[in-house]
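# Chain and residue survey
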Amino acid sequence: MRFRMLASALALAAAMAWAPGAPAVAQEPSTITGGFDVGPGGFQGNFNPLAATGGFTWLSLYFEPLVINDDKLESIVGDLASSYEVSADKLQYTFKLADAKWHDGQPFTSADVKFTIDTAKNGATGTVFAARLGAIASVETPDAKTAVLKLSAPNAGLLATLTQLMMLPQHALKDIPSDTLAKHEWWSKSPIGTGPYKFSRYVTDQYVELAANPDYRGGKPVTDRIINRYFANTAAAVAALRSGEIAFSYVEADDVATFQGNDGFKVIEGNSYVVNYLGFNQEVPLWKDVRVRQAVMHAINRDAIVQSLYKGAAEIANCGYVADHLLPSGLDAYAYDPEKAKQLLAEAGWDQINGSKPIPLLTYYNTPLASNVLAAVQAMLGQVGINVVPRAVDTPTYNATIYAQNPDWSQFPLVYAGLQNGPDPSAINIGLNEKQIPPAGANFLRIRMPEVTGAFDAALNETDDSKRAERYQAVCKAMNANLPWATMWVAKRYGVASAKLKDFVWIPAPAGGPFAAHPEKWALGN
Amino acid sequence: MLNFCLRRLAVGIGMLIALSLLIFILLRLAPGDPIDAYINPNVAMSQEEMAAVRARLGLDQPLPVQYLAWLGGALRGDLGFSLQRNGETVLGLVAQRIGPTLLLMGTGLAIAIVVGIGAGIIGAVRRNSATDLGLSVAAFLGISSPAFLTALVGLYVFSVLLRWAPSGGMLTPGAPFSLGDLASHLILPALLLSIGHAALIMRYMRASLLEVLNQDYVRSARAKGVKEFWVVVKHALRNALLPVVTLIGSTIGIAVGGAIFLESVFNWPGMGLLLVNAVETRDYPVIMGATLVVGACVILANLLTDIAYAAIDPRIQVA
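Read on for a plain summary of the structure. Positions within a chain are numbered from 1, following the residues in the order the chain's sequence is written. Whichever chain is written first becomes A and whichever ligand is written first becomes 1, with later ones labelled in order. Only residues with pLDDT of 70 or above have their local features reported here, since the model is predicted, and side-chain atom pairs are shown and tallied only from 80 upward, although totals for entire chains, interfaces and linings are computed over all residues. Only heavy atoms go into the side-chain values, all of them from the structure, while hydrogens and water stay out.

Right, let's get into the pairing of strand β9 (residues 207–212) of chain A. Residues and elements named next belong to chain A. Of all six residues in β9, five are buried, a share of seventy percent or more. Strands are treated as partners if at least two bridges between them are detected by DSSP. Only DSSP runs of H or I with at least four residues qualify as helices, and only runs of E with at least two residues qualify as strands; both kinds are numbered from the N terminus onward. The hairpin formed by strand β8 (residues 197–203) and β9 contains three residues between the paired strands, and Asp205 there has a positive phi angle of roughly 60°. In this sheet, strand β10 (residues 225–229) lies alongside β9 in antiparallel orientation, the contact comprising five bridges. Across the sheet, the residue bridging to Tyr207 is Arg229, located in β10. Using a 1.4 Å probe on the protein chains alone, a residue whose accessible area is under 20% of its type maximum counts as buried, one over 50% counts as exposed, and one in between counts as partly exposed.

Attention now goes to the side chain of A:Arg225. Here A:Arg225 shows up in strand β10. For this analysis, a polar contact is any N or O atom pair within 3.5 Å, provided that within protein one partner can donate a hydrogen and the other can accept it, and provided that sequence-adjacent residues contribute only side-chain to side-chain pairs. A polar atom in the side chain of A:Arg225 sits 2.9 Å from the backbone oxygen of B:Gly174. The contact definition used throughout considers only heavy atoms, calling two residues in contact when any of these lie within 4.5 Å. Beyond its immediate chain neighbours, meaning those up to four positions away, A:Arg225 contacts A:Pro29, A:Ser30, A:Thr31, A:Ile32, A:Tyr197, A:Glu209, A:Leu210 and B:Gly174.

For the rest of this paragraph, the subject is the interface of chain B and chain A. Taken together, the contact pairs 48 residues of chain B with 61 residues of chain A. Summed over both partners, buried area is the accessible surface (1.4 Å probe) that two parts give up on being assembled. Here chain B meets chain A over a buried area of about 4400 Å², counting both sides, of which 49% is carbon and sulfur. Every case where a carboxyl oxygen of Asp or Glu lies within 4 Å of a side-chain nitrogen of Lys or Arg is listed as a salt bridge. Close ionic contact of A:Asp394 with B:Arg282 constitutes a salt bridge, the shortest N to O distance being 3.1 Å. Secondary-structure elements contributing two or more residues to the side of chain B that touches chain A are α2 (34–38), α3 (47–56), α5 (90–125), α7 (147–161), α10 (228–266) and α11 (271–280) of chain B. Residue contributions to the side of chain B that touches chain A peak at five residues, all from α3(B).

This next bit is on the environment of B:Asp132. Of note, B:Asp132 is situated in helix α6 (residues 130–144). As a C-alpha pair, B:Asp132 and B:Ile121 span 11 residues in sequence and 9.7 Å in three-dimensional space.

So, about the state of the cysteines. Residues and elements named next belong to chain A. By convention in this document, the label disulfide applies to cysteine sulfur atom pairs within 2.5 Å. Inspection of the entire model under this criterion finds one disulfide over all chains. Covalent S-S linkage joins Cys319 and Cys476, the inter-sulfur distance amounting to 2.0 Å. On the S-S bond that ties Cys319 to Cys476, the torsion sits near -95°, and the link is left-handed. Highlighted residues: Cys319 in the loop between β13 (314–316) and α12 (338–348) and Cys476 in helix α18 (residues 465–482), separated in sequence by 157 residues. Given a relative accessible area of 0%, Cys476 falls into the buried group.

Residues and elements named next belong to chain B. Only C-alpha atoms enter the line fits that serve as axes; for helices the fit covers just the stretch in contact. Angles between N-to-C directions range over 0 to 180 degrees. Where α6 contacts helix α8 (residues 179–213), the two axes come as close as 8 Å, and the packing angle between them is 135°. Considered as vectors, α6 and α8 are oriented oblique to each other. In this structure, α6 meets α8 at a crossing whose hand is left-handed. Residue-level contacts link Asp132, Leu135, Ser136, Ala139, Phe140, Gly142 and Ile143 of α6 to Ile195, Gly196, Ala199, Leu200, Met202, Arg203 and Arg206 of α8. Looking at the contact of α6 with α8 residue by residue, the class counts come to eight nonpolar, three polar and three charged. Every angle not falling under 35 degrees, over 145, or within 65 to 115 is termed oblique; those three ranges are roughly parallel, roughly antiparallel and roughly perpendicular. It is the rotation of the near helix from the far one that decides the hand of a crossing: anticlockwise by less than a right angle makes it left-handed, clockwise makes it right-handed. Put simply, Ala, Val, Leu, Ile, Met, Phe, Trp, Tyr, Cys and Pro go in the nonpolar bin, Asp, Glu, Lys and Arg in the charged bin, and everything else, Gly too, in the polar bin.

So this is what it looks like as structure tokens:
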């Protein structure tokens, strides 16, 4: 009897569910879920753009900068600034602001620009921009829609820095003390920006959800929600991508082959803008003689490594740059020539300098690809009599070793590392200029090469745009001749998107961009 | 019994303080601090900027001062703030995370106990049969398969290839909460967590039951004509369970380790993932707080094991 009643109830429920004219189920909001903070350009768990050294692909969905890179990283265009002018002496930048509103409806004004720049220059706020904005002497606000930046000295990298400086709402943040701003809960609970999406919620370590901003000045976004799912590593994100749970993720070069030729996915390839190098610690006596550094270059078959390990997805670097307009003629290509390497070492007296004693080769690269690359480098250098022993550590250990107050030079006589080399070519100055030796900068290898420093200084102080490329060619030439690093290559980076994603713009930009991705147009088709 | 519990609790608190000191020292001996973890090596930062952030976080204070400040707070129930997250207290983070971990561990262990004891009984009762052999082979495979392998293979086969279960997380992002959604995310990591424990429990159960089944009192029961089913269930099983209960108690500590790994692979938002993220980012207060709570749970589990032991076998006195 009881069974019969249960069966009747189930049948009734089924009939109601299938009955024509039954109330329609509310339409699910359209949602794009992706791993937008996966890989080297991402920064999971960071919501504060002032403290961001990555993650700009995601942050720029709800915050916006004054100016932004175009979607090819070839030029800088206006974003929250509808237009801008730079004075001939490069000491004044005038921004005309777009007619934008914060997500709470308040207007975006020049007071917000001044507040943002002043906050970003204040070290107490935990900002990573203080040094890079140091040249800004003042910010003037002649009217609500004009902001004028006055500089104490020309700064060729200022516009590039401003692309990563997300504008912040003065009215929402002015009452938060500077020293508590960095980790204030506002960033992950109720941030407001001016972007096409509004912050909706953060489920700790799981995902961040944004909702469409219907009042966006570029038009109401096509997709209702965008979700950024967090992953413990790239492999987990790739598994979720393959199983159809997410529509986009950064992927390692090794994974690309498994997506190529699959109609369900689109592989996106781009320049990593990170030059990989073997860095010679100048505080140890091993590398003082340029012939030893030249021998390292000649001993490594970079072409073979690029072809066999990177499958061709890297470009050989003979200085800090690979972009054509930054390469002068007459660079030494340091062709693979182990015999020449042996000869150079003999001339330099390598047997007396070090001989076959092991030399630690410190790196923070822990991927299988990097392990294979370093094994190849170890074997090739071993063939000419340089006995390096790779040691891969995690990033905190690496940073603690190279940035120690009293560094133990024997821990890192040689490093395998990378440094952002574009789109702004001045980015590598911090690692090579003698004036950037710690604590001032990040020249942790203590490179003191007058020709290199002089070339950088000339490029940084150049106010004539037409001569900038020429100045950086001189930097390239100085690097190629002096070899502060044994430059290796600039690798490609990859993202994979579902073929269902329409009008989706992503490039593997350093630190995640930002770039003009127009997320308001992104859509997920059938 | 009360005296025993109080004594064990007092010892436990002493152990927790010692544990916190040990973790504090080990953390400070490990290279790198929260600021070192924060810097992207590809996007350089000056040492002056790093020093300013270090001072703001109080990391420039002498180590004893830092430890005593932390301990003083901990004794008042204040485990401090995360150094890497936005305004989140360690206590709040731990409170958020302990539930998912207990759910995952509890489900995994429950599956392991049911499957392990059941398979152990079948193996012992049908000793040397094909079933026993099959179960023993499966148990050996389970014991000898490292957790990282079973987790990754399980993820690849059931999530990527077969798409039977989600590849990670506890709930579908953005979807309204439902028990079905939770169960679909839970089942795969819980099953994978249970494999090694079920295999171990099965081996112990089988061996223990075989030993008990050969005891004189069991033979007497059989001689009196008691049916074999009741001989096993009523006479042998209770005594055979004693070593298994001990094993399950000690398994809880190991299960924490397994859960930490599984939570990383499946992005399960529990204590394990919290700890792994905290170690990667050198988030000292979170590491200290989470370790303290995990340590307290293990100590408590061992105490409960002792009490359960006494409940199963009244001959055992815990006082």
